[in-house]
Amino acid sequence: MSGRDLVDLEDLDEGEIREILRMASGHDPPRATRTLDGKILGLAFFEPSTRTKASFTSAMLRLGGSVVDMGEPSTTSLAKGEGFSDTLRILSGYCDALVIRHKLDGAARYASELLDIPVVNAGDGSRAHPTQALLDLYTIGKIKGRLEGLSVGVLGDLKYGRAANSFILAISRFSPKVLYLISPPLLRPRREVLEALRRRTDFRIVENPRDVIGELDILYVTRIQRERFPDPEEYERVKNSYVVDLELLKEAREDLRILHPLPRVGEIRNEVDGTPFAAYFEQARNGVPVRMAVLEWVLGHGGA
Amino acid sequence: MSGRDLVDLEDLDEGEIREILRMASGHDPPRATRTLDGKILGLAFFEPSTRTKASFTSAMLRLGGSVVDMGEPSTTSLAKGEGFSDTLRILSGYCDALVIRHKLDGAARYASELLDIPVVNAGDGSRAHPTQALLDLYTIGKIKGRLEGLSVGVLGDLKYGRAANSFILAISRFSPKVLYLISPPLLRPRREVLEALRRRTDFRIVENPRDVIGELDILYVTRIQRERFPDPEEYERVKNSYVVDLELLKEAREDLRILHPLPRVGEIRNEVDGTPFAAYFEQARNGVPVRMAVLEWVLGHGGA
Amino acid sequence: MSGRDLVDLEDLDEGEIREILRMASGHDPPRATRTLDGKILGLAFFEPSTRTKASFTSAMLRLGGSVVDMGEPSTTSLAKGEGFSDTLRILSGYCDALVIRHKLDGAARYASELLDIPVVNAGDGSRAHPTQALLDLYTIGKIKGRLEGLSVGVLGDLKYGRAANSFILAISRFSPKVLYLISPPLLRPRREVLEALRRRTDFRIVENPRDVIGELDILYVTRIQRERFPDPEEYERVKNSYVVDLELLKEAREDLRILHPLPRVGEIRNEVDGTPFAAYFEQARNGVPVRMAVLEWVLGHGGA
């Protein structure tokens with residue numbers, strides 16, 4: 001059986017991305033299969049994330065496999081001073097593929113180079129979160145029937161937000177009609193992300209979502225955290241401009257759909273949940289089929 | 001496949017309760033089966049309880065299914081400020097049925113109304129703990145051969161104790177000969193519980209277990225916590241009256257059997273463990289067969 | 001099906017030890033089997049150890065079984081004041097065999113006497129860690145082709161180190177050519193270990209690894225913890241003498257192999273990892289096959 005890593009969506013060509021999305025649609029809604037019967041997935045979450053962990057666990061179980069959780073950071077041997085490479089090497093002896101989450105950029109790449117088993121990045125540093133980006137793309141394909149030619153707005157913390165950056169880089173590869181980057185000036189994407197975008201697509205930096213809401217097919221919302229602002233008054237001044245509510249949506253096209261990686265903390269008002277705009281719960285549900293596809297893909301099942 | 005919730009035993013008629021107890025006896029002792037093969041049970045414990053969690057896990061595994069643990073309260077997205085309904089909606093995407101424990105009355109009901117999948121209440125607030133009440137009833141049926149016509153004493157914290165209240169309401173439906181509520185005045189059942197009892201059965205409020213021990217078929221013991229007493233001296237004064245030891249049991253009938261939801265912290269002396277009175281370890285063992293029955297029942301397997 | 005406990009390697013005769021090692025080689029490398037299909041292994045770790053837990057979990061899953069984790073010490077009912085025997089009795093109702101780790105000597109023995117199901121000691125107190133000792137022996141047999149007649153050095157904290165003591169007692173039963181106990185005077189083995197050795201084998205107490213490195217077939221390294229020294233200056237003075245680096249290994253025989261129970265924190269320099277001396281990652285990988293053999297052995301599968 002072959003094996004591959006999924007470290008960064010930037011490593012995959014469009015054909016590979018479409019292959020995974022096609023495999024995901026075969027698992028939607030998720031049903032019990034036996035394709036990974038007898039396989040063990042290791043969960044190495046050096047940064048806590050109950051939800052992503054539960055999503056991978058559910059995906060692996062649906063495929064007939066099982067899961068070994070390597071524990072929370074504070075209880076691992078890292079806390080005793082063990083080196084990261086020792087930890088990885090030892091954990092890799094307990095499983096057939098390893099899912100890793102880490103606060104540092106490059107941690108998943110390092111693991112994939114060190115280990116013989118497939119490594120899946122469940123989010124590292126501030127940019128790479130490839131399974132989230134895949135489920136975002138999958139959701140758009142499912143609700144819009146296509147990935148290309150869409151007017152897309154991405155709103156919130158575009159500087160530090162892992163999911164936002166991962167999505168911006170992913171969608172920019174599918175020829176958006178236009179890509180709006182909507183944030184306070186302080187939270188615009190970093191230079192290296194903007195440079196990558198420049199080579200790929202037409203994008204525009206926007207400060208107020210009201211200016212573009214009427215044009216959008218997709219609005220991808222993320223949280224703006226108070227801690228990002230050196231000046232608390234500045235935060236108080238801008239925060240309401242980035243809340244999505246019925247008032248803002250009066251200007252929206254009827255077929256606008258709103259995504260959010262969740263959890264949300266007030267940045268999309270509950271009053272939006274019952275409208276046809278809300279696609280974020282559907283998006284959350286797509287996490288399992290997409291991760292089922294990813295696990296089959298890295299472990300060499302399915303696909304061409 | 002159909003699906004039902006188990007939120008409160010008060011929602012079930014006696015026929016349904018007996019059906020679950022009958023299904024439980026088919027799993028006693030628990031053996032590996034395949035009736036829930038491929039099914040996933042989600043564990044959403046917003047209040048920690050290792051033991052109840054382990055009991056549900058064991059039951060699900062015995063049925064051939066598997067489990068996704070949504071993590072401890074402090075590590076979930078709730079800690080980040082996410083709304084309860086968002087959390088529930090997302091977790092429900094990872095599983096076929098959800099077990100929920102929560103400190104607030106009504107949390108399981110709310111979940112059952114929000115979600116499309118079956119919800120099992122593993123204890124919420126101060127009154128509802130239906131799987132505990134079922135295993136209490138199951139134990140009585142097993143050791144006494146019947147549920148009806150018994151002289152039952154319930155001792156301990158009858159005001160705040162979840163298991164005690166849940167048991168009182170459950171046994172009162174099976175025509176006890178008499179039901180003694182034995183507690184310090186401060187820890188008598190709340191008014192709404194007493195009112196429900198009044199419509200169902202003959203009960204008596206008792207302060208000293210010595211006064212009734214000679215009459216009982218069943219003595220259900222629960223813990224009295226020091227923290228419940230505004231005045232620590234009052235606690236010290238009464239606590240020894242509610243300890244079950246060989247001295248107290250001298251007055252007991254030979255066929256008295258003692259239950260306790262466990263853990264115990266001194267309220268039943270270890271010297272009682274070796275006597276025929278002790279049924280609490282047997283009761284603990286019944287947790288798995290009863291929860292196997294509950295999981296089959298909510299997921300639409302077995303039963304009529 | 002029969003069942004046995006594995007509490008202490010001292011309880012097994014050499015034939016039984018060799019039987020388990022032979023069974024382990026049938027699981028190396030580990031592959032999915034169904035020999036424990038439908039069985040549940042309970043994990044009762046009263047002392048945290050993510051890694052040993054993950055290793056047992058992986059082993060049980062490879063055998064087709066499943067696992068119920070009884071939770072971390074702080075979240076168990078022990079924290080509420082429940083007695084140890086109550087906890088054990090209740091946990092035993094959830095599983096077919098119980099793995100226990102505890103800081104107190106004798107905890108696993110106590111559990112094995114109390115419970116009807118097989119008990120596996122995953123380390124208790126300062127001496128017994130039988131599955132670690134078995135994987136140490138297995139590794140030596142695999143890389144040296146034999147257990148007997150070897151020159152073995154054990155280096156580090158020989159007073160408090162659980163893995164070191166467990167290994168010393170195990171290897172002493174296989175007629176080493178000579179056994180060197182290498183440690184600072186403060187951390188020499190306790191009297192009862194030395195007495196057991198005296199009845200079995202030729203051993204020598206050594207202070208400086210340089211004095212014997214040239215003779216060794218096997219060097220078993222363990223950590224020396226700063227906290228063991230009443231006088232911090234004494235620790236600073238000796239610590240470098242017990243670090244294994246290329247400098248020390250200049251004197252070594254070509255076929256010396258180095259073991260370490262891991263995690264390490266600097267006591268073997270990373271520069272050693274790439275040399276043929278390093279056998280500690282191989283040793284770590286042997287944990288799963290050996291624990292698969294142990295689980296089959298206690299649950300009455302395989303063997304003669």
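### So, the overall build of chain A
At step 1: Scanning chain A for helices and strands turns up 11 helices and 9 strands.
At step 2: A globule of 304 residues ought to have a C-alpha radius of gyration of about 19 Å, and chain A, at 19 Å, matches this closely.
At step 3: C-alpha extents for chain A along the principal axes are approximately 55 × 40 × 35 Å.
At step 4: Relative to its full complement of 304 residues, chain A shows a buried share of 52%.
At step 5: Of the contacts made within chain A by residues no fewer than 6 positions apart, 75% connect residues no fewer than 24 positions apart.

### Some thoughts on the environment of aspartate 124 of chain C
All names here are of chain C.
At step 1: In this fold, aspartate 124 is placed in strand S4 (residues 119–124).
At step 2: Looking at aspartate 124, the number of C-beta atoms within 10 Å reads 26, which means it is buried.
At step 3: For the pair aspartate 124 and alanine 164, spaced 40 residues apart in sequence, the C-alpha separation works out to 13 Å.

### Quick look at the relation of the copies chain B and chain C
At step 1: Between chain B and chain C, which share one sequence, the superposing operator has a rotation angle of 120° and an axial displacement of 0.0 Å; the RMSD is 0.0 Å. One copy is carried onto the other by what is essentially a three-fold rotation axis. For chain B, the minimum C-alpha distance to the rotation axis belongs to serine 66 of chain B and amounts to 5.2 Å.

### Focus: the interface of chain B and chain C
At step 1: Counting residues at the interface gives 18 residues for chain B and 18 residues for chain C.
At step 2: Counting only elements with at least two residues in the side of chain B that touches chain C, the list comes to helix H2 (50–62), helix H10 (280–285) and helix H11 (287–298) of chain B.
At step 3: A per-element tally of the side of chain B that touches chain C places H2 of chain B first, with 7 residues.
At step 4: Tallied by class, residues from the side of chain B that touches chain C come to 10 nonpolar, 5 polar and 3 charged.

### Structural notes on the interface of chain B and chain A
One frequently used descriptor of interface size is the decrease in accessible area upon assembly of the parts.
At step 1: Contact residues are listed per partner, giving 18 residues for chain B and 18 residues for chain A.
At step 2: Those elements giving two or more residues to the side of chain B that touches chain A turn out to be strand S2 (66–69) and helix H3 (84–91) of chain B.
At step 3: The element best represented in the side of chain B that touches chain A is H3 of chain B, accounting for 3 residues.
At step 4: Looking at the side of chain B that touches chain A residue by residue, the classes come out as 6 nonpolar, 8 polar and 4 charged.

### Re the sheet that holds strand S1 (residues 40–45) of chain B
The strands making up a sheet associate through backbone hydrogen bonding, with each pair oriented either parallel or antiparallel.
Residues and elements named next belong to chain B.
At step 1: Pairing within the open sheet is parallel, and its 4 strands lie in the order S2-S1-S3-S4. Bordering the open sheet on either side are S2 and strand S4 (119–124), each of which pairs with just one other strand. Along the sheet, successive strands turn relative to each other by an average axial angle of 20°, direction set aside.

### Quick look at the environment of isoleucine 168 of chain C
Residue and element names in this part refer to chain C.
At step 1: Within the element layout of this structure, isoleucine 168 appears in helix H6 (residues 162–171).
At step 2: Considering only alpha carbons, one finds isoleucine 168 and leucine 181, 13 residues apart in sequence, at a separation of 8.6 Å.
At step 3: Here isoleucine 168 is in contact with Val154, Pro189, Val193 and Leu197, once residues within four sequence places are set aside.

### A short note on the sheet that holds strand S5 (residues 151–155) of chain C
All names here are of chain C.
At step 1: With parallel pairing, the 5 strands of this open sheet are ordered in space as S7-S6-S5-S8-S9. Looking along the sheet, the strands with just one partner apiece sit at the ends: strand S7 (203–206) and strand S9 (257–259). Averaged over all adjacent pairs, the angle separating strand axes in this sheet is 20°, with direction ignored.
At step 2: Sheet analysis places S5 next to strand S6 (residues 178–182), joined by 5 bridges and oriented parallel. Across the sheet, residue valine 154 finds its bridge partner in S6, namely leucine 181.
At step 3: Against the sheet, H6 makes contact with S5, S6 and strand S8 (218–221), and its axis sits at roughly 165° relative to S5, the strand it touches most.

### Concerning the domain arrangement of chain A
All names here are of chain A.
At step 1: Per the domain assignment, the segments making up chain A are domain 1 (9–128 + 286–298) and domain 2 (131–284).
At step 2: On the domain 2 side, the residues contacting the 18 residues of domain 1 number 18 residues.
At step 3: Top element by residues in the side of domain 1 that touches domain 2 is helix H1 (residues 14–25). It accounts for 5 residues.
At step 4: Here the residues of the side of domain 1 that touches domain 2 are counted per class, giving 10 nonpolar, 4 polar and 4 charged.

### What to know about unusual backbone geometry
At step 1: Along the chain, aspartate 28 of chain A connects to proline 29 of chain A via a cis peptide bond; the corresponding omega equals 0°.
At step 2: Tracing the chain through its elements places proline 29 of chain A in the loop between H1 and strand S1 (40–45).
At step 3: A positive phi angle is found at serine 175 of chain B, which is not glycine, with a value near 40°.
At step 4: Here serine 175 of chain B is to be found in the loop between helix H6 (162–171) and strand S6 (178–182).

### Some points on the pairing of strand S8 (residues 218–221) of chain A
Residue and element names in this part refer to chain A.
At step 1: Side chains of S8 alternate between two faces, with Ile218 and Tyr220 and Leu219 and Val221 buried alike.
At step 2: Of the pairings in the sheet, the one linking strand S5 (residues 151–155) to S8 comprises 4 bridges and is parallel in character. Each bridged residue has a counterpart across the sheet, and for valine 154 the counterpart in S8 is tyrosine 220.
At step 3: Here S8 pairs with strand S9 (residues 257–259) via 3 bridges, running parallel. Across the sheet, residue leucine 219 finds its bridge partner in S9, namely isoleucine 258.

### Things to note about the packing of H6 of chain B against helix H7 (residues 191–198) of chain B
Helix-helix packing: each pair is described by the crossing angle between the helix axes and the interaxial distance.
All names here are of chain B.
At step 1: Closest axis-to-axis distance for the H6/H7 pair is 10 Å, and the angle between their directions is 15°. By the angle between their directions, the pair H6 and H7 is classed as roughly parallel. As H6 packs across H7, the resulting crossing turns out to be left-handed. Together, Asn165, Ile168 and Leu169 of H6 and Val193, Ala196 and Leu197 of H7 make up the contact between the two elements.
At step 2: Looking at side-chain class alone, the contact of H6 with H7 contains 5 nonpolar, 1 polar and no charged residues.

### Some remarks on the packing of helix H5 (residues 130–144) of chain C against helix H11 (residues 287–298) of chain C
All names here are of chain C.
At step 1: Direction vectors running N to C along H5 and H11 enclose 120°, while the axes themselves pass 9 Å from each other. Taken as axis vectors, H5 and H11 run oblique relative to one another. Both H5 and H11 take part in a crossing whose hand is right-handed. The segment H5 lies against H11, with Thr131, Leu134, Leu135 and Tyr138 engaging Gly287, Val290, Arg291 and Val294.
At step 2: Of the residues contributing to the contact of H5 with H11, the split by class is 5 nonpolar, 2 polar and 1 charged.

### Side note on the pairing of S4 of chain C
At step 1: Here S4 of chain C lies mainly inside the structure; 6 of its 6 residues are buried.
At step 2: Each parallel crossover has a hand, and for strand S3 (residues 97–102) of chain C linked through helix H4 (residues 107–114) of chain C to S4 of chain C it is right-handed.

### With respect to the confidence of the model for chain A
At step 1: Across chain A, the average pLDDT comes to 93, with 96% of residues at or above 70.
At step 2: For this predicted complex, the interface confidence comes out at an ipTM of 0.93, alongside a pTM of 0.95.

### What about the environment of arginine 51 of chain A?
At step 1: As for its placement among the helices and strands, arginine 51 of chain A is situated in helix H2 (residues 50–62).
At step 2: In this structure, the C-alpha to C-alpha distance between arginine 51 of chain A and proline 209 of chain A, residues 158 residues apart in sequence, is 29 Å.

About the cut-offs
Residues numbered from 1 in each chain as written. Chains lettered and ligands numbered in written order. Predicted model: local features only at pLDDT ≥ 70, side-chain atom pairs only at ≥ 80, totals over all residues. Helix = DSSP H or I, 4+ residues; strand = E, 2+ residues; numbered from the N terminus. Rg over C-alpha atoms; globule rule 2.2 N^0.38 Å. Buried ≥ 20, exposed ≤ 12 C-beta atoms within 10 Å, placed from the backbone. Contact = placed C-beta atoms within 7 Å. Least-squares fit on C-alpha atoms with pLDDT ≥ 70 in both. Nonpolar A, V, L, I, M, F, W, Y, C, P; charged D, E, K, R; others polar. Pairing = 2+ DSSP bridges. Axes fitted to C-alpha atoms, helices over the stretch in contact; angles between N-to-C directions. Domains from an automatic or database assignment. Parallel < 35°, antiparallel > 145°, perpendicular 65-115°, else oblique. Left-handed = near helix turned anticlockwise from the far one by under 90°. Right-handed = clockwise from strand over helix to strand, strands pointing away. pLDDT = per-residue confidence, 0-100.

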